[in-house]
Amino acid sequence: MMTPFFFVCKQFNELTLSELYDLMALRQKVFVVEQNCSYQDSDGKDLHAFHLLGQDKNGNIVGYARILPKGTSYSDYCSIGRIATHPDYRNLKLGNLIMKESIKHCQNLFGGACPIKISAQAHLDGFYQKFGFQSTQKYYLEDGIPHLEMILKGGS
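Residues numbered from 1 in each chain as written. Predicted model: local features only at pLDDT ≥ 70, side-chain atom pairs only at ≥ 80, totals over all residues. Heavy atoms only, no water.

### What about unusual backbone geometry?
Residues apart from glycine generally show negative phi values, whereas peptide bonds are mostly found in trans.
For step 1, the next point in the chain: In this structure, glutamine 137 is a non-glycine residue whose phi angle is positive, near 70°.
For step 2, the next point in the chain: A positive phi angle, close to 55°, is found at aspartate 143, a residue other than glycine.
For step 3, the next point in the chain: With respect to the helices and strands, aspartate 143 occurs in the loop between strand E6 (134-142) and strand E7 (145-152). (Helix = DSSP H or I, 4+ residues; strand = E, 2+ residues; numbered from the N terminus.)

### Concerning the sheet that holds E6
For step 1, the next point in the chain: The sheet built from 7 strands is open, its strands ordered E1-E2-E3-E4-E5-E7-E6 with mixed pairing. Edge strands, defined here as strands with exactly one partner in the open sheet, are strand E1 (6-11) and E6. Pairwise comparison of adjacent strand axes, ignoring direction, gives a mean angle of 25° for this sheet.
For step 2, the next point in the chain: With 6 bridges joining them, strand E2 (residues 50-55) and strand E3 (residues 61-68) adopt antiparallel strand pairing. From the neighbouring strand, glutamine 55 faces E3, where its bridge partner is isoleucine 61.
For step 3, the next point in the chain: Set on the sheet, helix H1 (residues 17-34) makes contact with E1, E2, E3 and strand E4 (78-85); between it and E3 the angle comes to about 95°. (Pairing = 2+ DSSP bridges. Axes fitted to C-alpha atoms, helices over the stretch in contact; angles between N-to-C directions. Contact = heavy atoms within 4.5 Å.)

### Some words on the layout of surface pockets
For step 1, the next point in the chain: If you add up the space inside the largest pocket, you get close to 1000 Å³.
For step 2, the next point in the chain: For the largest pocket, the lining is made up of 42 residues, of which Phe31, Arg82, Ile83, Gln121 and Tyr128 are closest to its centre.
For step 3, the next point in the chain: Residue assignment for the lining of the largest pocket shows that the elements contributing at least two residues are H1, E3, E4, helix H2 (94-110), strand E5 (116-121), helix H3 (125-129), E6 and E7.
For step 4, the next point in the chain: For the lining of the largest pocket, the element with the highest residue contribution is E4, accounting for 7 residues.
For step 5, the next point in the chain: Residue classes in the lining of the largest pocket are distributed as 19 nonpolar, 13 polar and 10 charged. (1 Å grid on protein atoms, 1.4 Å probe; cavity = no way out; pocket = protein on both sides within 12 Å on 5 of 7 lines; lining within 4 Å. Points joined across faces, edges and corners; volume = space filled by probe spheres on them. Nonpolar A, V, L, I, M, F, W, Y, C, P; charged D, E, K, R; others polar.)

### Topic: the nonpolar core
For step 1, the next point in the chain: Among the nonpolar cores identified, the biggest contains 25 residues, and Ile80, Met99, Ile103, Ile116, Ile118, Tyr128 and Phe133 are the most heavily contacted of them.
For step 2, the next point in the chain: Top contributing element to this core by residue count: H2, with 5 residues.
For step 3, the next point in the chain: If near-sequence neighbours (up to four positions away) are discounted, isoleucine 118 is found in contact with Tyr74, Ile80, Tyr128, Phe133, Leu148, Glu149 and Met150.
For step 4, the next point in the chain: Of all hydrophobic cores here, the second largest spans 10 residues; its members include Leu15, Leu26, Val30 and Leu53. (Core = buried A, V, L, I, M, F, W, Y, C linked by side-chain atoms within 4.5 Å. Buried < 20%, exposed > 50% of the residue type's maximum accessible area, 1.4 Å probe, protein only.)

### Focus on the packing of aromatic side chains
For step 1, the next point in the chain: Applying the stated criterion across every chain yields a total of 5 aromatic pairs.
For step 2, the next point in the chain: Ring centres of phenylalanine 5 and tyrosine 89 lie 6.0 Å apart, and the angle between their planes is 70°; on these two criteria the pair is classed as edge-to-face. Taken together, the residues phenylalanine 5 in the segment before E1 and tyrosine 89 in the loop between E4 and H2 connect sequence positions 84 residues apart.
For step 3, the next point in the chain: Its relative accessible area of 23% is what places tyrosine 89 among the partly exposed residues.
For step 4, the next point in the chain: Each ring, one from phenylalanine 50 and one from phenylalanine 110, has its centre 5.9 Å from the other, and the planes form 70°; the classification is edge-to-face. One end of the pair, phenylalanine 50, is in strand E2; the other, phenylalanine 110, is in helix H2, with 60 residues separating them in the sequence.
For step 5, the next point in the chain: Clustering of aromatic rings is evident, with ring pairs tying together Phe127, Tyr128, Phe131 and Phe133.
For step 6, the next point in the chain: Across from the ring centre of tyrosine 140, 5.8 Å away, lies the NZ or CZ of lysine 138, which sits over that ring. (Phe/Tyr/Trp six-rings, centres within 6.5 Å; stacked < 30°, edge-to-face > 60°. Lys NZ or Arg CZ within 6 Å of the ring centre and 35° of its normal.)

Structure (structure tokens):
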């Protein structure tokens, strides 16, 4: 069975204005409105990021992840963040597809040996463990939400 989603990965300057608007709208819908969390989403890192856009068959952005090179968020790690799925597309395993694609793109862009660090919402640790991420046991509050530092070690 063919997946009803496809993925495109673009650097900031490759995004169309519509794509930029749609990905920012999705991030705000999920992280600001749905999670009732006021924070500065535009943090300057988008300019250096690769943006993984998960699109439905009509080209609507329904899933997203931000992929950052080593040295952007963490000096020794590349990272994946701002992982979001549109509420209307949950329970379709889109989150799994986003993570698999994000890890694949990290490995292709930065080399398979580059370890990946994420700042995971603590209640999702089991979800990220399915993809090989391991907890560092460093828990902290980020914008009032419990988070956990997790790492996927790079291969050779």
